[in-house]
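Working through the structure, step by step
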Amino acid sequence: MTDELFLDEEAGRLVRPFTVSNGRTRPSTSFDLLTLVMATGVRPIGDLGPDHDLVLGLCVRPVPVVEVSARMNLPIAVTKVLLSDLVQHEALTARAPRAVEAASAANREVLEAVLDGLRARL
């Protein structure tokens, strides 16, 4: 199925976020916001649903959990459940970010850019 079936230009997403995860709020795999996930190339057995397919499409390179959540426009809890499903089916791998990657996320320039963006919105 395509994402077009679940989006309406005026109304937005037509499926409630927790419907995507069948009401589940606890992932079976532990992730933090900076955990990097990447597709393995293995297709899940059975049809998990269109949102799982979209997640796999976003994970062709290592991507942090928080970025997947933002791009999917889903709450982080729902995103973690989807990612967990895919890890269980061996369609995704997950690893903690390297210390250098985590440190660069707290880079002063990045924080200043975020602060500037927030100020511009106020």
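Our structure is the block above this text.
Note that the structure is predicted; figures quoted are calculated from it, not measured.

This part covers helix α3 (residues 65–72). All of the buried residues in α3 are V65, V68, S69 and M72. Relative to the axis of α3, the buried residues are bounded by an arc of 100° and lie together on one face. Seen from the open side of α3, the exposed residues pointing more than 90 degrees away from its buried face are A70 and R71. After α3 finishes, the residue N73 shows a positive phi value of roughly 55°.

On to the side chain of K80, then. Considering the arrangement of structural elements, one finds K80 in helix α4 (residues 76–88). Of the side chains bearing the opposite charge, D32 lies closest to the buried K80, which forms no salt bridge; the N-O distance is 7.2 Å. A distance of 3.1 Å separates the side chain of K80 from the backbone oxygen of F31, its partner in a polar contact.

Bringing the pattern of salt bridges into the picture now. Where charged atoms from two side chains of opposite charge approach closely, those side chains can pair. One pass over the structure, following the stated rule, counts four salt bridges. Among the ionic pairs, R43 bridges to D53, the shortest N-O distance being 3.1 Å. In this pair, R43 sits in the loop between β3 (36–39) and α2 (50–58) while D53 sits in helix α2, placing the two residues ten residues apart along the sequence. The closest approach of N and O atoms between R61 and E67, which form a salt bridge, is 3.2 Å.

Analysis parameters
- Residue numbers run consecutively from 1 along every chain, following the written order of its sequence.
- It should be noted that, the model being predicted, local features are given only for residues of pLDDT at least 70 and side-chain atom pairs only at 80 or more, the latter also being counted only at that level, while totals for whole chains, interfaces and linings use all residues.
- The basis for the side-chain values is all heavy atoms of the structure; hydrogens and waters are excluded.
- Burial status follows relative accessibility: with a 1.4 Å probe on protein chains alone, a residue under 20% of its type maximum counts as buried, one over 50% as exposed, and anything between as partly exposed.
- The helix count covers DSSP runs of H or I at least four residues long, the strand count covers runs of E at least two residues long, and both are numbered beginning at the N terminus.
- Of all possible arcs, the one meant is that of the directions from the helix axis to the C-beta atoms.
- Note on charges: Lys and Arg go in the positive column, Asp and Glu in the negative column, and His and the chain ends are not counted at all.
- Should a side-chain nitrogen of Lys or Arg be within 4 Å of a carboxyl oxygen of Asp or Glu, the pair is scored as a salt bridge.
- The term polar contact refers here to a pair of N or O atoms within 3.5 Å; inside protein, the definition further demands a hydrogen-donor-capable atom paired with an acceptor-capable atom, and it admits residues adjacent in sequence only when both atoms are side-chain atoms.

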